[in-house]
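# Structure at a glance
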Amino acid sequence: ASALVLSNNITIPLSKLVKYSESLARGNLKTRFDLDRTDEVGVLAQKLGTMADKLETNLNELKKLDKLKDDFLSTTTHELKTPLVPIKSQAQMLLAGDYGKLNQEQKVAVEMIHRNEESLDVLTSEVLDISKMKSNKFLLKVGVVDLKILLSDVVSDMTSYAKEHGVSLALDLQTELTPIKADDLRIRQVLSNLLGNAIKFTPRNGKVRVKVSQNKTEVTVQVVDSGIGINPKNINKLFTPFFQIDSRLARKYRGTGLGLAISKGIIVAHGGKIWANSSGLHHGSVFGFSLPNEYKNT
């Protein structure tokens, strides 16, 4: 009889409280557990409910602040892009000699302006992409994509960049490719990001290879490099916005830390997958993504 009383009055309520706390821990903050008793168990239930109320209020405030931050970032970036257009056009006209011939010092100065304008344009475009992805306003323009042309074009475009770094770049098509449905420009953006990173982090005389295969359901693209490699513990963080593996590397290899996050957003929006592998530092890396042959809106 005593065991039954103990079970009904303490063990069962405590078991329910444990389940309630586990539910709160999973983020179910709207769940409430009302226990009509005034002893320690009842007080504990009341305290958990009060804590859940405060957590829900704080979470809502954080969401509002996060939205304000995203809106501010998006608006500011739009405003920054506006003056970049005339800066770029005027710099190009100066370099073309439309305002008269430049001496060597003037040419070097204008080339610096043009180069930095292009860097700022890339940065603002990347920040806009991230903002759109976070606010679910990122849209794809899906059409029929000839993979062979897309891959050949991007590799060709990146060849001069690879030569500047003393890196060999090659495309390895392992099978005949059939067209897929995707956003051509965005997939080019992903491949350019992956190739740019591979070339940047590969020492001189290194190699970067693009390997492609396709089956009945999907196409897989892998960028394989003989570069500096990645510590396995950092692999899962690579696709996080603004993530830099090492501050020393960040200073040596300049970048925004947005390219991989944007690439992930683009691939996921297509219903595909993106990943990275490395055996460790100084053992090279493999960055790959797969896309369904038929577009799948996620």
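Description of the structure in this document. (Residues numbered from 1 in each chain as written. Predicted model: local features only at pLDDT ≥ 70, side-chain atom pairs only at ≥ 80, totals over all residues. Heavy atoms only, no water.)

Another aspect to go through is the overall build of the protein chain. Secondary structure summary: the protein chain contains seven helices and seven strands in total. The secondary structure elements of the protein chain, listed N-terminal to C-terminal, are α-α-α-β-α-β-β-α-β-β-α-α-β-β. Burial statistics for the protein chain: of 298 residues in total, 35% are counted as buried. For the protein chain, the proportion of contacts with a sequence separation of at least 24, taken over those separated by at least 6, is 69%. Of the roughly 18600 Å² that the protein chain leaves accessible, carbon and sulfur atoms contribute 56%. (Helix = DSSP H or I, 4+ residues; strand = E, 2+ residues; numbered from the N terminus. Buried < 20%, exposed > 50% of the residue type's maximum accessible area, 1.4 Å probe, protein only. Contact = heavy atoms within 4.5 Å. Areas by Shrake-Rupley, 256 points an atom, 1.4 Å probe, with all protein chains shown as cover.)

In this model, Asn205 sits at a positive phi of 70 degrees, which is unusual for a non-glycine residue. For Asn205, the location among the structural elements is in the loop between α5 (184–200) and β4 (207–214). A positive phi angle is found at His282, which is not glycine, with a value near 70 degrees.

A separate point is the environment of Asn193. Here Asn193 shows up in helix α5. A relative accessible area of 17% means that Asn193 is categorised as buried. Counting along the chain gives 67 residues from Asn193 to Leu260, while the straight-line C-alpha distance between them is 7.1 Å. Sequence-distant contacts of Asn193, defined by excluding residues within four places in its chain, comprise Gly259 and Ser263. Of the polar contacts made by the side chain of Asn193, one reaches the backbone oxygen of Gly259; its length is 3.4 Å. (Polar contact = N/O pair within 3.5 Å; in protein donor to acceptor, adjacent residues only side chain to side chain.)

Together, Leu59, Leu62, Leu65 and Leu68 give the surface a local cluster of nonpolar side chains, amounting to about 400 Å² of exposed area. With respect to the helices and strands, the residue Leu59 is situated in helix α2 (residues 40–95). (Patch = residues over 30% accessible without salt bridge, like charges linked within 9 Å, V, L, I, M, F, W, Y side chains within 5 Å. Salt bridge = Lys/Arg side-chain N within 4 Å of Asp/Glu carboxyl O.)

Turning our attention to the nonpolar core. Residues Leu191, Leu195 and Phe289 are the most contacted members of the largest nonpolar core, which totals 47 residues. Judged by nonpolar contacts, the second largest core, of eight residues, contains Leu17, Tyr20, Leu24 and Ala52. (Core = buried A, V, L, I, M, F, W, Y, C linked by side-chain atoms within 4.5 Å.)

Turning to the packing of aromatic side chains, a few remarks are in order. Under the criterion given, the structure shown has one aromatic pair. Their ring planes at 70 degrees and their centres at 6.5 Å tell us that Phe239 and Phe287 sit as a pair that is edge-to-face. Separated by 48 residues along the polypeptide, Phe239 in the loop between β5 (218–225) and α6 (247–252) and Phe287 in strand β7 (residues 285–292) bring together distant segments of the chain. Of the residues examined, Phe287 reaches a relative accessible area of 12% and is grouped as buried. (Phe/Tyr/Trp six-rings, centres within 6.5 Å; stacked < 30°, edge-to-face > 60°.)

It is worth spelling out α5 at this point. Between its first and last C-alpha atoms α5 spans 24 Å; for 17 residues at 1.5 Å apiece the expected length is 24 Å, and the two agree. Within α5, the full set of buried residues consists of Arg186, Ile187, Arg188, Val190, Leu191, Asn193, Leu194, Leu195, Gly196, Ala198, Ile199 and Lys200. The backbone nitrogen of Leu185 has a side-chain oxygen 3.2 Å away, supplied by the residue at the start of α5, namely Asp183. (Expected span 1.5 Å × (residues − 1).)

This part is about the packing of helix α3 (residues 104–134) against helix α7 (residues 259–269). As a packed pair, α3 and α7 sit with axes 10 Å apart at the nearest point and diverge in direction by 45 degrees. The orientation of α3 relative to α7 falls into the category oblique. Every pair of crossing elements has a handedness; the one defined by α3 and α7 is left-handed. Taken together, the residues of α7 that come into contact with α3 (itself represented by Glu126, Asp129, Ile130 and Met133) are Gly259, Ala261, Ile262, Gly265 and Ile266. Of the residues belonging to the contact of α3 with α7, the class tally is five nonpolar, two polar and two charged. (Axes fitted to C-alpha atoms, helices over the stretch in contact; angles between N-to-C directions. Parallel < 35°, antiparallel > 145°, perpendicular 65-115°, else oblique. Left-handed = near helix turned anticlockwise from the far one by under 90°. Nonpolar A, V, L, I, M, F, W, Y, C, P; charged D, E, K, R; others polar.)

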